[in-house]
Amino acid sequence: MKRWIKWTAGGALLLGMIVAATAASGLYLAEQRRNRYIDIKPRPVAYTTDAQTIERGRYLYTSRGCTDCHGAQGTGREFVNDGKGTRIAGPNITSAGVVGRYQPEDWNSVIRHGVKPNGRPVLVMPSEDYNRFTNDDLNALVSYVRQLPPQQATQQAVVDLPRPAWVLYGLGVIPDAAARIDHQLAPSRPVPAGVTLANGQYVANMCIGCHGATLEGGKIPGGPPDWPAAADIRPGAQSANSALARYPNAASFVAMLRTGKRPDGTPIQVMPFESLGQLSDVDAQALYLYLNAPAGSVKVDTLGATAGSQKSSANAVPSVAGGLKLPG
């Protein structure tokens, strides 16, 4: 019996030492990862004051998640605070904040690649969602943000995570956006507005950060432990148990985006409905069309543009070269 007790105590001590060593190693590696240098090819953003482009930028800002982290006025906003050690707030992105010093190429690095002007990774930035922006749309978004009135921050930028999360980050279990992006991938080609597979696929890029590169779903990277897993919304992968099976038509899907509720009235957690609710009817219907596309009907070329796109019988709008017109 005494020998068994000794073995148990010894095993527990050894396990404790392994856990402590792993934690210490993870924290050390987290600091290394936070300060790693990522070389991004400079791609200057074209500034403009064109009214139509600014309006397109406003639409992208309100519908692609920017307001959820930075607020409607761009002055910063706390968007995660679980009371258990996880607290995240977006920074002030008016000209009175850090972006006031940005050069044209810095906007591209931060938004598309999740890389700060100094080459270090941005810890909380869904750049996977924006990496596939067309050049026109990135120019429009940045031009809109740059014309926001300068205001002092109402909320300081914060990234507070519990120690276990930093350990997992250091060990690569929780990657930052820069680690999940193919930085050599060319921007998307211009996609005409319309209820088409091509436009639906383009809009669906905004879902990558939570649902994964192929929209397969799963645990949301970096999310608090009590967040539910993102649903599998891959085109052609629907089953009777899939999330999309709840929405028999585009109208029911669009209603969910507008209300944040399923057809049975139950609320959906975590999803950024403040932004999703601002999607135009055309973009929302195109997204539904794409997510419900039969397997094999969506083909992607080397630049990420959808080949063989098809129009639905829904209310399509005229094509617009360059994607600078507000859809709908």
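See the structure printed just above.
Report follows, based on the coordinates. (Residues numbered from 1 in each chain as written. Predicted model: local features only at pLDDT ≥ 70, side-chain atom pairs only at ≥ 80, totals over all residues. Heavy atoms only, no water.)

A word on the overall build of the protein
Helices and strands together make up the secondary structure of the protein, namely 13 helices and 5 strands. A buried classification covers 43% of the 328 residues belonging to the protein. Counting contacts in the protein only where the partners sit at least 6 residues apart, residues at least 24 apart contribute 69% of the total. When the accessible area of the protein is evaluated, it comes to approximately 16,700 Å², of which 56% is carbon and sulfur surface. (Helix = DSSP H or I, 4+ residues; strand = E, 2+ residues; numbered from the N terminus. Buried < 20%, exposed > 50% of the residue type's maximum accessible area, 1.4 Å probe, protein only. Contact = heavy atoms within 4.5 Å. Areas by Shrake-Rupley, 256 points an atom, 1.4 Å probe, with all protein chains shown as cover.)

Overview of the environment of Gln103
As for its position among the elements, Gln103 is in the loop between strand E2 (87-90) and helix H4 (104-113). Under the relative-accessibility criterion, Gln103 is labelled partly exposed at 43%.

Section: empty space enclosed by the protein
The final tally for this structure, using the stated rule, is 2 cavities of 30 Å³ or more. Roughly 60 Å³ of internal volume is contained in the second largest cavity. Along the walls of the second largest cavity sit Arg64, Asp129, Tyr130, Arg132, Phe133, Tyr202, Val203, Asn205 and Met206, which together make up its complete lining. Of all the secondary-structure elements, those providing two or more residues to the lining of the second largest cavity are helix H5 (127-130) and helix H9 (197-204). Partitioned by chemical class, the residues of the lining of the second largest cavity number 5 nonpolar, 1 polar and 3 charged. (1 Å grid on protein atoms, 1.4 Å probe; cavity = no way out; pocket = protein on both sides within 12 Å on 5 of 7 lines; lining within 4 Å. Points joined across faces, edges and corners; volume = space filled by probe spheres on them. Nonpolar A, V, L, I, M, F, W, Y, C, P; charged D, E, K, R; others polar.)

As for H9
Counted residue by residue, H9 has 8 buried out of 8 residues, so it is predominantly covered. Looking at H9, one finds that the buried residues are Leu197, Ala198, Asn199, Gly200, Gln201, Tyr202, Val203 and Ala204.

Observations regarding the pattern of salt bridges
Applying the stated criterion across every chain, the model contains 9 salt bridges. Here Arg180 ties to Glu128 by a salt bridge, and the two come within 2.4 Å at their closest N and O atoms. One end of the pair, Arg180, is in helix H8 (residues 177-180); the other, Glu128, is in helix H5, with 52 residues separating them in the sequence. Classification of Arg180 by relative accessible area gives partly exposed; the value is 34%. Using a relative accessible area of 7% as the deciding quantity, one classes Glu128 as buried. The residue Arg258 makes a salt bridge to Asp281 at a minimum N-O spacing of 2.7 Å. Separated by 23 residues along the polypeptide, Arg258 in helix H11 (residues 250-259) and Asp281 in helix H13 (residues 281-291) bring together distant segments of the chain. In this structure Asp281 comes out as partly exposed when scored by relative accessible area, which is 47%. (Salt bridge = Lys/Arg side-chain N within 4 Å of Asp/Glu carboxyl O.)

A short note on the sheet that holds strand E3 (residues 158-160)
Spatially, the 3 strands line up as an open sheet ordered E1-E2-E3, and their pairing is antiparallel. The strands lining the two open edges of the sheet, one partner per strand, are strand E1 (77-81) and E3. Adjacent strand axes in the sheet meet at a mean angle of 20° when their direction is disregarded. (Pairing = 2+ DSSP bridges. Axes fitted to C-alpha atoms, helices over the stretch in contact; angles between N-to-C directions.)

Observations concerning the packing of helix H2 (residues 51-63) against helix H6 (residues 135-146)
Contact geometry of H2 with H6 gives a least axis separation of 7 Å together with a crossing angle of 90°. Put simply, H2 runs roughly perpendicular to H6. From H2, Thr53, Ile54, Arg56, Gly57, Arg58, Leu60 and Tyr61 reach across to H6, where they touch Asp137, Ala140, Leu141, Ser143, Tyr144 and Val145. Here the residues of the contact of H2 with H6 are counted per class, giving 7 nonpolar, 3 polar and 3 charged. (Parallel < 35°, antiparallel > 145°, perpendicular 65-115°, else oblique.)

A few points about the pairing of E1
Inspection of the sheet shows E1 paired to E2 by 4 bridges, in the antiparallel sense. When the sheet's bridge partners are listed, Val80 is paired in E2 with Ile88. The loop that links E1 with its antiparallel partner E2 comprises 5 residues; one of these, Gly83, has a positive phi angle of about 70°.

Some thoughts on the environment of Tyr59
Mapped onto the secondary structure, Tyr59 falls in helix H2. Residue Tyr59 is classed as buried on the basis of its relative accessible area of 3%. Here the alpha-carbon distance between Tyr59 and Tyr144, two residues 85 residues apart in the chain, equals 9.3 Å.

Concerning the packing of H4 against H6
Put simply, H4 and H6 touch, their axes get as near as 11 Å, and they point 110° apart. One way to sum up the angle between H4 and H6 is to call them roughly perpendicular. As H4 packs across H6, the resulting crossing turns out to be right-handed. Here Trp107, Asn108, Ile111 and Arg112 of H4 lie close against H6, whose contacting residues are Asn135, Leu138, Leu141, Val142, Val145 and Arg146. Tallied by class, the residues present in the contact of H4 with H6 amount to 6 nonpolar, 2 polar and 2 charged. (Left-handed = near helix turned anticlockwise from the far one by under 90°.)

What about the state of the cysteines?
By definition, a disulfide links the sulfur atoms of two cysteine residues through a covalent bond. Across all of its chains, the model carries 0 disulfides by this definition. Of the cysteine sulfurs around Cys69, a residue in no disulfide, the closest is that of Cys66, at 8.2 Å. Free cysteine: Cys207, not disulfide-bonded; nearest cysteine sulfur from Cys210 at 8.6 Å. (Disulfide = S-S within 2.5 Å.)

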